[in-house]
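# Examination of the molecular architecture
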Amino acid sequence: MENTTLKSDIAKNILESNLKREHKTFSKNACFSNYAIRFGNETIPDRVNIRPSFFHDTDKIIHSLAYTRYIDKT
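Summarised in this report is the structure supplied together with it. (Residues numbered from 1 in each chain as written. Predicted model: local features only at pLDDT ≥ 70, side-chain atom pairs only at ≥ 80, totals over all residues. Heavy atoms only, no water.)

With that settled, the discussion passes to helix H1 (residues 8–25). Taking 1.5 Å of rise per residue, the 18 residues of H1 would be expected to cover 26 Å, and the 26 Å separating its terminal C-alpha atoms lies within 8% of that figure. Among the residues of H1, those classed as buried are Ala11, Asn18 and Glu22. Viewed end-on, H1 has its buried residues packed into an arc of 35 degrees, placing them on one side of the element. Exposed side of H1, more than 90 degrees from the buried face: Lys12, Lys20 and Lys24 are the residues found there. (Helix = DSSP H or I, 4+ residues; strand = E, 2+ residues; numbered from the N terminus. Expected span 1.5 Å × (residues − 1). Buried < 20%, exposed > 50% of the residue type's maximum accessible area, 1.4 Å probe, protein only. Arc of directions from axis to C-beta.)

This is the structure:
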């Protein structure tokens with residue numbers, strides 16, 4: 001599989017669309033992705049990554065060893 005990158009204008013449109021959708025559908029008290037604080041060095045900075053910040057957290061939890069052990073017990 002080839003490593004593909006999005007053109008900057010397409011990525012910018014996707015980012016704007018994601019933020020608009022969040023502000024339209026989430027509660028006014030929700031924490032939006034553009035306010036997320038990331039710790040450590042990320043390979044792709046959130047300001048240019050089309051996936052919302054909280055998706056990264058979800059992936060880290062689901063693919064962690066502790067969560068995998070938890071799944072086996074339930």
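Now that the structure has been shown, we can carry on.
With respect to the secondary-structure elements, Ser33 resides in the loop between H1 and helix H2 (53–62). Within polar-contact distance, the side chain of Ser33 engages the side chain of Glu22 at 2.5 Å. (Polar contact = N/O pair within 3.5 Å; in protein donor to acceptor, adjacent residues only side chain to side chain.)

Judged by side-chain polarity, Ile61, Ile62, Tyr67, Tyr70 and Ile71 come together as a nonpolar surface patch covering roughly 480 Å² of accessible area. Looking at the nonpolar patch, the elements with two or more residues in it are H2 and helix H3 (65–73). A total of three residues in the nonpolar patch trace back to one element, the largest contributor, which is H3. Looking at Ile62, the relative accessible area reads 42%, which means it is partly exposed. (Patch = residues over 30% accessible without salt bridge, like charges linked within 9 Å, V, L, I, M, F, W, Y side chains within 5 Å. Areas by Shrake-Rupley, 256 points an atom, 1.4 Å probe, with all protein chains shown as cover. Salt bridge = Lys/Arg side-chain N within 4 Å of Asp/Glu carboxyl O.)

All told, the structure shown has two aromatic pairs when counted by the stated rule. When the ring of Phe26 is compared with that of Phe32, the centres are 6.2 Å apart and the planes differ by 5 degrees; the resulting orientation is stacked. Exposure remark for Phe32: the relative accessible area of 8% places this residue in the buried category. (Phe/Tyr/Trp six-rings, centres within 6.5 Å; stacked < 30°, edge-to-face > 60°.)

What follows deals with the side chain of Glu22. Topologically, Glu22 is positioned in helix H1. One buried charge, Glu22, has no salt-bridge partner; the nearest side chain with opposite charge is Arg21, at 6.5 Å. If near-sequence neighbours (up to four positions away) are discounted, Glu22 is found in contact with Phe32, Ser33 and Pro52. (Lys, Arg positive; Asp, Glu negative; His and termini not counted. Contact = heavy atoms within 4.5 Å.)

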